[in-house]
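Summary of structural features
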Amino acid sequence: MGSVRSDGASMDDGAADIPVLAAHKILIAGGFGAGKTTLVAAISEVRPLLTEERLSSAGAGLDSLRGVAGKTTTTVAMDFGRITISERLVLYLFGVPGQERFWFMWDELAYGALGAVVLADVRRLRDCFPSVNYFETRSLPFVVAVNCFDDAPHYDAEEVRVALDLDPDVPAMLCDARKLSSVKTVLTTLVESISAADPGPRRMVSALPPV
Amino acid sequence: MPPDGRDGKWVRRDLGPVVRPYAVTGGRTEPADGEVLDLVAVVVAAGGNGGAGDDPIRQTPEHRKILRLCQRPVTVADIASDTALPVGVVRVLLADLILQEAVRVVRNRPTVQLPGQDVLKEILNGLRAL
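Quantities reported herein were computed from a predicted structural model and do not represent experimental measurements. The residue numbering used here restarts from 1 in each chain and proceeds along that chain's sequence as written. Chain letters start at A and ligand numbers start at 1, both assigned in the order the entries are written. Predicted model: local features are reported for residues with pLDDT of at least 70 only, side-chain atom pairs are reported and counted for 80 or more only, and whole-chain, interface and lining totals are derived from all residues.

With that settled, the discussion passes to the overall build of chain A. Secondary structure counts use DSSP, requiring at least four H or I residues in a row for a helix and at least two E residues in a row for a strand, with both numbered from the N terminus. From N to C terminus, chain A includes six helices and nine strands. As a rule, residues whose C-beta atom has 12 or fewer other C-beta atoms within 10 Å are exposed, those with 20 or more are buried, and those in between are partly exposed; C-beta atoms are placed from the backbone. Every one of the 211 residues in chain A was classed for burial, and the buried ones make up 37%. Note on contacts: residues are paired as contacts if their backbone-placed C-beta atoms lie within 7 Å. Of all intrachain contacts in chain A linking residues separated by at least 6 positions in sequence, the fraction that spans at least 24 positions is 73%.

This part takes up the pairing of strand 8 (residues 142-147) of chain A. Residue and element names in this part refer to chain A. Burial within strand 8 is extensive, with six of its six residues counted as buried. Neither face of strand 8 is open: one carries Phe142, Val144 and Val146, the other Val143, Ala145 and Asn147, and all of them are buried. Here the rule is simple: two strands pair whenever DSSP picks up at least two bridges between them. Two elements, strand 7 (residues 115-120) and strand 8, share five bridges in a ladder whose sense is parallel. Bridge assignment links Val117 to a residue of strand 8, and that residue is Val143. Place the viewer so that the strands point away; then a crossover is right-handed whenever the path from the first strand over the helix to the second strand goes clockwise. Crossover connection from strand 7 via helix 4 (residues 129-138) to parallel strand 8: handedness right-handed. As defined by bridge partners, strand 8 adjoins strand 9 (residues 172-175) across four bridges and the pair is classed as parallel.

Attention now moves to unusual backbone geometry. All names here are of chain A. One non-glycine residue, Ser139, lies in positive phi territory at about 55°. Examined against the element boundaries, Ser139 turns out to sit in the loop between helix 4 and strand 8. The class of Ser139 is exposed, set by 12 C-beta atoms lying within 10 Å. The phi dihedral of Asp165 falls on the positive side, at around 55°, and the residue is not glycine.

A few words now on the sheet that holds strand 9 of chain A. Strand pairing in a sheet relies on backbone hydrogen bonds, with the paired strands running either antiparallel or parallel. Spatially, the seven strands line up as an open sheet ordered 2-5-6-1-7-8-9 (chain A), and their pairing is mixed. The two strands at the open ends of the sheet, each matched to only one other strand, are strand 2 (45-46) and strand 9 of chain A.

Turning our attention to helix 2 (residues 76-83) of chain B. In terms of burial, helix 2 of chain B is largely enclosed, as seven of its eight residues are buried. A positive backbone phi angle near 60° is found at Ala84 of chain B, which sits one or two residues after helix 2 of chain B.

Turning next to the nonpolar core. Nonpolar side chains in soluble globular proteins tend to end up buried together. Grouped together as the largest cluster of nonpolar side chains are 92 residues, with contacts concentrated most on Val117, Val118 and Val144 of chain A together with Val43, Val76, Leu94 and Val103 of chain B. With nine residues, helix 3 (residues 87-99) of chain B is the single largest residue contributor to this core. The contacts of Val144 of chain A, once residues within four sequence positions are left out, are Val118, Ala120, Val132, Val160, Leu164, Leu166, Val170 and Ala172 of chain A. To form a nonpolar core, buried Ala, Val, Leu, Ile, Met, Phe, Trp, Tyr and Cys residues must be joined through C-beta atoms within 7 Å.

This part takes up the sheet that holds strand 3 (residues 103-107) of chain B. Residues and elements named next belong to chain B. An order of 2-1-3 is seen for the three strands of this open sheet, with the pairing classed as antiparallel. Looking at the sheet topology across the chains shown, the edges are occupied by strand 2 (74-75) and strand 3. Where strand 1 (residues 42-45) lies against strand 2, two bridges are found, and the strand directions are antiparallel. If you follow Val43 over to strand 2, its bridge partner there is Val74. Lines are fitted to the C-alpha atoms to define the axes, a helix being fitted only along its stretch in contact, and any angle between axes, read from their N-to-C directions, falls within 0 to 180 degrees. Against the sheet, helix 3 contacts strand 1 and strand 3, and its axis sits at roughly 105° relative to strand 3.

Structural measurements only, silent on function.
This is how it looks when you write it as structure tokens:
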């Protein structure tokens, strides 16, 4: 069978009876405690997903690596949700851990992603700077959603846009990560902005296939 | 390895893993074919019985479980979730099955190009209908 292992949309020949499954990923980024888990749970079927975290030098002395020679990772759970659009079209949400020690995962997750949501908490706005920088650098379409915590001071979306110095084509909005309707608006805004963007060669991540 | 490997039922998920993750790969941490499948890569059993009977010695209960999930096109992330195995382990086991031609990759990445307007519209409509 001529399976297609490279990038690209070409389907295998001779697979006529198999329904084509199109899977797209959207990243949910933001600092620790910004509400990524809450947002994923509000809109998708949450599923357990284990992945690996590279052991930091701090952890390396503590965690025994005996029996897994050469391994420098440990298993962690990540935020992962599935939105079934149709039988043949599925959207996956992946929470991207904001802490630096998870950064090695970003390129892999971002590769081929549809776009991203950067969740911001106005009390700790700078926590989302790395995410904004990352997606700007990679030209991956993204929206900034300010999660309105009950006890946080109120800023409007424009103030946040100015504070983050966002490009005009990057939507910024307020949201409540606990509410389906609010999260729906965030995701539809993202997809609309992708749809409105100039078609053309994919701008992003071509340089960095996962290692 | 479960002594009763028919479907590993005694390994209850809520008890957590009973072996360290890479024990089920024989300690291997890299896919045998060197290809790292994307989390949303779509794979499917390669027809027939998926070659499950060809070389049973080389297939562990985890291999067979993955093969069963591959009877329909399925993503790597869903396999990892359904088997409660870490993604890295699933990649290693899937690579074995791909080399055995029991499983084939329908599509590794979503697309290099942005999806077309029709797909984006379908996603939008789907989201609004939630």
